[in-house]
Amino acid sequence: IDTTGNLSAFSEPASLARSGRPPRVELIRPLDGERFDTRIPVRGRSADLDLAEVQFESRTEGASVWTPFGPLFPAPPFDSIFEPAPRAYGFYDLRARSLDLEGLSDPSPPIVRVEHRDLQAPPTPSGLRVMVDGDRAMLDWDPVSAPDLANYAVQRAAPGGEYATVAMVPAP
């Protein structure tokens, strides 16, 4: 239609070829085997141009039920955050469930396994005191406050500057 309302002839018809194959969304982040402490960014990528929706899902190791997380994406970018409950440590499988405009879904979306774990070292002990009695040395230090503290590793300098663990003292 031009500015005075004149119509052109119809164009040649165009056809749409459907792929007939299910869509596929791969997780490019996180990497398989990645460890994280509190939360981890998740990013999906697909070469399919006919995606209708993408939903990230997770399950704990050994579970059969998948739980959605993040928004339902109608189009890229497919970016979200996976954040399990605090201290719910363990292995998690992540995937992107996808549906295309033909109503086809990926029958086996690729899975990435990540490990949620405590990556924070406990504080360094302070106030180290040594009392020597003959050939014995008795050590004492100010206790460390950390909810997951298990042991204190007592180490001694060895020749060459290396340290060797001489005792593991259970935390009180």
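Each value, and the rule that gives it
Residues numbered from 1 in each chain as written. Predicted model: local features only at pLDDT ≥ 70, side-chain atom pairs only at ≥ 80, totals over all residues. Heavy atoms only, no water. Helix = DSSP H or I, 4+ residues; strand = E, 2+ residues; numbered from the N terminus. Rg over C-alpha atoms; globule rule 2.2 N^0.38 Å. Buried < 20%, exposed > 50% of the residue type's maximum accessible area, 1.4 Å probe, protein only. Areas by Shrake-Rupley, 256 points an atom, 1.4 Å probe, with all protein chains shown as cover. Lys, Arg positive; Asp, Glu negative; His and termini not counted. Charge placed at Lys NZ, Arg CZ, Asp CG, Glu CD. Pairing = 2+ DSSP bridges. Axes fitted to C-alpha atoms, helices over the stretch in contact; angles between N-to-C directions. Salt bridge = Lys/Arg side-chain N within 4 Å of Asp/Glu carboxyl O. 1 Å grid on protein atoms, 1.4 Å probe; cavity = no way out; pocket = protein on both sides within 12 Å on 5 of 7 lines; lining within 4 Å. Points joined across faces, edges and corners; volume = space filled by probe spheres on them. Nonpolar A, V, L, I, M, F, W, Y, C, P; charged D, E, K, R; others polar.

Peer 1: What am I meant to see in the overall build of the chain here?
Peer 2: Check the secondary structure of the chain and you find zero helices and 12 strands. Secondary structure elements of the chain, listed N to C terminal, follow the sequence β-β-β-β-β-β-β-β-β-β-β-β. On C-alpha atoms alone, the chain measures out to a radius of gyration of 29 Å, which is more than a quarter above the 16 Å that the 2.2 N^0.38 rule sets for 172 residues. Across its three principal axes, the chain shows a C-alpha extent of roughly 110 × 40 × 30 Å. Across the 172 residues that make up the chain, the buried fraction comes to 24%. Summed over all atoms, the accessible surface of the chain reaches about 12200 Å², with 54% contributed by carbon and sulfur. Considering the chain, the positive charge centre built from 17 side chains and the negative charge centre built from 25 side chains are found 3 Å apart.

Peer 1: Even after reading the chapter, I still don't get the sheet that holds strand 3 (residues 40–45), so can you show me in this structure?
Peer 2: Across a sheet, paired strands are connected by hydrogen bonds in the backbone, their directions being either parallel or antiparallel. Read across the open sheet, the three strands follow the order 1-3-6; overall the sheet is antiparallel. The sheet terminates laterally at strand 1 (26–29) and strand 6 (78–82), the two strands that pair on one side only. Between one strand axis and the next, the sheet turns through 35° on average, direction left out of account. Here three bridges tie strand 1 to strand 3, and the two strands are oriented antiparallel to one another. Looking at strand 3, one finds that R29 is bridged to R43.

Peer 1: In this structure, what is going on with the sheet that holds strand 7 (residues 90–100)? I would like to understand it.
Peer 2: Taken in spatial order, the five strands line up as 2-8-7-4-5 in an open sheet, and their pairing is mixed. This sheet does not close on itself; its edge strands, each paired only once, are strand 2 (35–36) and strand 5 (67–73). Direction of pairing for strand 4 (residues 51–60) relative to strand 5: antiparallel, over a ladder of four bridges. Looking across to strand 5, one finds that S58 is bridged to T67.

Peer 1: In this structure, what is going on with unusual backbone geometry? I would like to understand it.
Peer 2: When glycine is set aside, most residues are seen to have a negative phi, and most peptide bonds are trans. Along the chain, R29 connects to P30 via a cis peptide bond; the corresponding omega equals 5°. Looking at where P30 falls in the secondary structure, it is placed in the loop between strand 1 and strand 2. Along the chain, P76 connects to P77 via a cis peptide bond; the corresponding omega equals 5°. Looking at the element boundaries, P77 is found in the loop between strand 5 and strand 6. Of note, the phi angle at R87 is positive, near 65°, even though the residue is not glycine.

Peer 1: Looking at this structure, I do not really get the pattern of salt bridges. What am I missing?
Peer 2: It is possible for side chains bearing opposite charge to pair when their charged atoms get close. Taken as a whole and assessed by the stated rule, the structure comprises 14 salt bridges. In this structure, the salt-bridge partner of E53 is R97, at a minimum N-O distance of 3.6 Å. You can see E53 sitting in strand 4 and its partner R97 sitting in strand 7, a full 44 residues away along the chain. By relative accessible area, R97 is classed as partly exposed at 28%. Each of E53, E57, R95 and R97 takes part in a single network of salt bridges with overlapping partners.

Peer 1: Could you clarify how one ought to interpret the layout of surface pockets in this entry?
Peer 2: One water molecule sets the probe size; rolling that probe over the atoms shows where empty space is left. Each pocket or cavity is described by its volume, and for the largest pocket that value is around 400 Å³. Considering the residues around the largest pocket, the lining is formed by 17 residues, among which L139, W141, A153, V154 and Q155 are closest to the centre. Elements supplying a minimum of two residues to the lining of the largest pocket: strand 9 (126–133), strand 10 (136–142) and strand 11 (151–157). The residue makeup of the lining of the largest pocket, split by class, is 13 nonpolar, three polar and one charged.

This is a description of form; function is not addressed.
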